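Below are the chains, spelled out letter by letter.
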Amino acid sequence: MTPFSAGEVLARCDVLATITAATDGIERSYLTPEHARANWTVGEWMDEAGLTAWQDAAGNQRGSLKGPSPEAPVLILGSHLDTVPGAGRYDGILGTLMAIAVVGRLRARGAALPFGIEVIGFADEEGTRFGRTLLGSCAVAGTWQESWWSLRDPHGVTLRDAFVAFGLDPERVGDAALDPSRVVGYLEAHIEQGPLLQDAGRALGVVEGIMGARRFELEMIGEAGHAGGMPYGRRRDALLGASEVVGAVEELARGAGAIGTVGRLRAFPGAMNVIPGRVEFSLDLRAETDQLRDQVWDEIEETALKAAAARNLAFEVSELHAARATAVAPTLASAVEAGIRATGDPAPMRLMSKAGHDAMAIADLCDYAMLFIRCKDGISHHRDEDVRADDVELALDAFEAAVLAVADAHG
Ligand code: GLV
Ligand code: MN
Ligand code: MN
């Protein structure tokens, strides 16, 4: 296979798809044996491309290409290597492997860049294991929070214990952070995870910004009881209360132009002939502005409290994650646009990212811009996630040209 071609990048996505904790799909979460194997595999590919590879103090897989002098700053390229449960093979993975391929191409053409490059395969963008997302990129941005150490995974393992079991030292997590004065910016390539590029007949697009998001763990608490004996008038059915909230999430978010999803719901004790006494459910809420997102949350909370009061239930909220809406940096976005123009598209499409990305955490460290790649029917977070090889070839050309445009602008 030609080195650094779309064919090679896609074949590597196939290899990583085999590193999974699930027997019937792809699942690779933070600080697991699969995470370690993926890092090791990607590290080998980084070395082959001429990068010096290492795993950082937060479990991110990194590779660096020296700049023209020891003082030269670095341009960061990357995306994430973790997945949701039942994932496709391109979300995050494609962007990380494209970044490695682009470094290989730049070296092959002998490009003299005024900065070094650091490629990062972020360790936890999805937040699948500990609920709190963007842990890897927050470590690099220097925004890791002490309170996260007590986060627990579904088996009750704390983030601190998982760190130690993975061979990392919690006291050293700060070592993963980059110094903002030494960073030129961050470029990320990613599948769109929506249908807009496909609908417009475009292979590539320039991201304008990333929606702000909040994630909650919600709980309705009533009382379990006999499904036959307990009269309706005396029931405190937590699932009926939660169902009202699930319906309101769609209605309120949709009406306001935001996006709300309840992706997980568990009723306890979970038996056919027992009234559900307690329900745990999640909420993922996104909007173009933080103000709109927060306003919709206030309305959802008010509705939930009313539903709880009407059914004599308690409603409890725990917020797991909040990320502000971010805008791309005009200079870097222009470089991405120039990169796409270099592939023959005279007027690249601009679009907002409704999905979250490592770029939103890295925005606390430095400017960022993103390149979106069309994905089939907008399908993502699903095993049928798919991309076209010719789109990936164009994306590699555009991403490489974007790095060169950043170099030109950097002088
Ligand atoms: C990341 O994939 C997200 O949930 O937006
Ligand atoms: Mn994802
Ligand atoms: Mn992603």
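Cut-offs applied
Residues numbered from 1 in each chain as written. Chains lettered and ligands numbered in written order. Predicted model: local features only at pLDDT ≥ 70, side-chain atom pairs only at ≥ 80, totals over all residues. Heavy atoms only, no water. Phe/Tyr/Trp six-rings, centres within 6.5 Å; stacked < 30°, edge-to-face > 60°. Helix = DSSP H or I, 4+ residues; strand = E, 2+ residues; numbered from the N terminus. Buried < 20%, exposed > 50% of the residue type's maximum accessible area, 1.4 Å probe, protein only. Core = buried A, V, L, I, M, F, W, Y, C linked by side-chain atoms within 4.5 Å. Contact = heavy atoms within 4.5 Å. Domains from an automatic or database assignment. Buried area = accessible area lost by both parts, 1.4 Å probe. Salt bridge = Lys/Arg side-chain N within 4 Å of Asp/Glu carboxyl O. Polar contact = N/O pair within 3.5 Å; in protein donor to acceptor, adjacent residues only side chain to side chain. Donors = N, O, S within 2.8 Å, 3.2 Å for Na, K, Ca; no water. Near = heavy atom within 4 Å. Nonpolar A, V, L, I, M, F, W, Y, C, P; charged D, E, K, R; others polar. Expected span 1.5 Å × (residues − 1). Axes fitted to C-alpha atoms, helices over the stretch in contact; angles between N-to-C directions. Parallel < 35°, antiparallel > 145°, perpendicular 65-115°, else oblique. Left-handed = near helix turned anticlockwise from the far one by under 90°.

> Hey, could you run me through the packing of aromatic side chains in this one?
The geometry of an aromatic ring pair comes down to the distance between the two centres and the angle between the two planes. For the coordinates displayed, the defined rule picks out seven aromatic pairs. An angle of 90 degrees between the planes, with centres 4.8 Å apart, marks the rings of Trp149 and Phe163 as edge-to-face. Placement of the pair is Trp149 in the loop between helix 4 (135–141) and helix 5 (159–166) and Phe163 in helix 5, with a sequence separation of 14 residues. On the basis of relative accessibility, which here comes to 5%, the residue Trp149 falls in the buried class. Taking the relative accessible area as the measure of exposure, Phe163 reaches 0% and is therefore buried. Seen from their ring centres, Phe216 and Trp297 are 3.9 Å apart, and the 15 degrees between their planes marks the pair as stacked. Of this pair, Phe216 sits in strand 7 (residues 212–221) while Trp297 sits in helix 8 (residues 290–310); the two residues are 81 residues apart in sequence, bridging distant segments of the chain.

> Mind showing me how you'd approach the nonpolar core here?
Across soluble globular proteins, nonpolar side chains show a tendency to be buried alongside one another. Grouped together as the largest cluster of nonpolar side chains are 106 residues, with contacts concentrated most on Leu94, Leu159 and Leu187. Residues in contact with Leu94, not counting those within four places in the same chain, are Val9, Leu10, Cys13, Ile191, Ile373, Val387 and Val392.

> Help me understand the domain arrangement of the protein in this model?
One frequently used descriptor of interface size is the decrease in accessible area upon assembly of the parts. In terms of domains, the protein is made up of domain 1 (6–211 + 325–410) and domain 2 (212–323). Listed by partner, the interface residues are 13 residues for domain 1 and 13 residues for domain 2. Overall, the association of domain 1 and domain 2 removes approximately 1000 Å² of surface from exposure, summing both partners, and the carbon and sulfur fraction of that is 57%. Taken as a group, Arg132, Met211 and Ala325 account for 48% of the area that domain 1 buries against domain 2, more than any other trio of residues on that side. For the pair domain 1 and domain 2, the interface holds zero salt bridges. Where domain 1 touches domain 2, the interface holds five residue pairs in polar contact (both at pLDDT 80 or more).

> It is not clear to me how the pattern of salt bridges should be interpreted in this structure. Could you clarify?
When charged atoms on two side chains of opposite charge get close, those side chains can pair. Taken as a whole and judged by the stated rule, the model has 33 salt bridges. Two residues, Asp294 and Arg293, come together in a salt bridge whose shortest N-O distance is 3.0 Å. Three or more residues joined by partner-sharing salt bridges are found here, namely Arg105, Arg109, Glu393, Asp397 and Glu400.

> Sorry, what's going on with the coordination of the manganese ion (ligand 2) here?
Where a metal carries four tetrahedral donors, each ideal angle is 109.5 degrees; where it carries six octahedral donors, the ideal angles are 90 or 180 degrees. Donor atoms from the polypeptide that coordinate the manganese ion (ligand 2) comprise Asp91 (OD), Glu126 (OE), Glu126 (OE) and His381 (NE2), at 2.0 to 2.7 Å from the metal. In this structure, the manganese ion (ligand 2) lies 3.5 Å from the manganese ion (ligand 3), and both are coordinated by Asp91. Of this pair, Asp91 sits in the loop between strand 3 (74–80) and helix 3 (93–108) while His381 sits in the loop between strand 16 (368–373) and helix 11 (389–410); the two residues are 290 residues apart in sequence, bridging distant segments of the chain. Residue Asp91 is classed as buried on the basis of its relative accessible area of 7%.

> What's the story with the coordination of the manganese ion (ligand 3) in this structure? I'm lost.
Surrounding the manganese ion (ligand 3) are the protein donor atoms His80 (NE2), Asp91 (OD) and His190 (NE2), at 2.0 to 2.3 Å. Within one chain, the residues donating to the manganese ion (ligand 3) are spaced in sequence as H-x10-D-x98-H. A relative accessible area of 0% means that His80 is categorised as buried.

> Honestly, the site of ligand 1 in this entry has me stumped. Any pointers?
Surrounding ligand 1, one finds Glu125, Glu126, Arg215, Arg286, Ala355, Gly356 and His381. At 3.0 Å, a side-chain N or O of Glu126 approaches an oxygen atom of ligand 1. Taken together, the residues that form the shell around ligand 1 break down as one nonpolar, two polar and four charged.

> I'm lost on helix 7 (residues 238–256) in this one. Help?
Residues lying three or four places apart along an α-helix face the same way, a consequence of the helix completing one turn every 3.6 residues. Along its 19 residues, helix 7 runs 27 Å from first to last C-alpha, staying within 8% of the 27 Å computed at 1.5 Å per residue. The complete set of buried residues in helix 7 reads Ala238, Gly241, Ala242, Val245, Ala248, Val249 and Ala253. The elements touched by buried residues of helix 7 are strand 7, strand 9 (259–261), strand 12 (278–287) and helix 8. The opening residue of helix 7, the one whose side-chain oxygen lies 2.9 Å from the backbone nitrogen of Leu239, is Asp237. At the exit of helix 7 stands Gly257, carrying a positive phi of roughly 85 degrees.

> Please clarify how the packing of helix 1 (residues 6–17) against helix 2 (residues 33–48) should be interpreted in this entry.
The description of two packed helices rests on the angle between their axes and on the distance between the axes. Contact geometry for helix 1 and helix 2: axes closest at 10 Å, N-to-C directions at 155 degrees. Regarding the angle of helix 1 to helix 2, the classification is roughly antiparallel. Helix-helix and strand crossings are classified by hand; for helix 1 and helix 2 the assignment is right-handed. Contact residues: helix 1 offers Arg12, Val15 and Leu16, while helix 2 offers Ala38, Thr41, Val42, Trp45 and Glu48.

> Even after reading the chapter, I still don't get the packing of helix 1 against helix 3, so can you show me in this structure?
The geometry of helix 1 relative to helix 3 is characterised by a closest axis approach of 10 Å and an angle of 135 degrees between their N-to-C directions. One element, helix 1, and the other, helix 3, form an angle in the oblique class. The element helix 1 and its partner helix 3 pack so that their crossing is right-handed. Contact residues: helix 1 offers Val9, Leu10, Arg12, Cys13 and Leu16, while helix 3 offers Ile93, Leu94, Leu97, Met98, Ile100 and Ala101. In terms of residue class, the contact of helix 1 with helix 3 is made up of 10 nonpolar, no polar and one charged.

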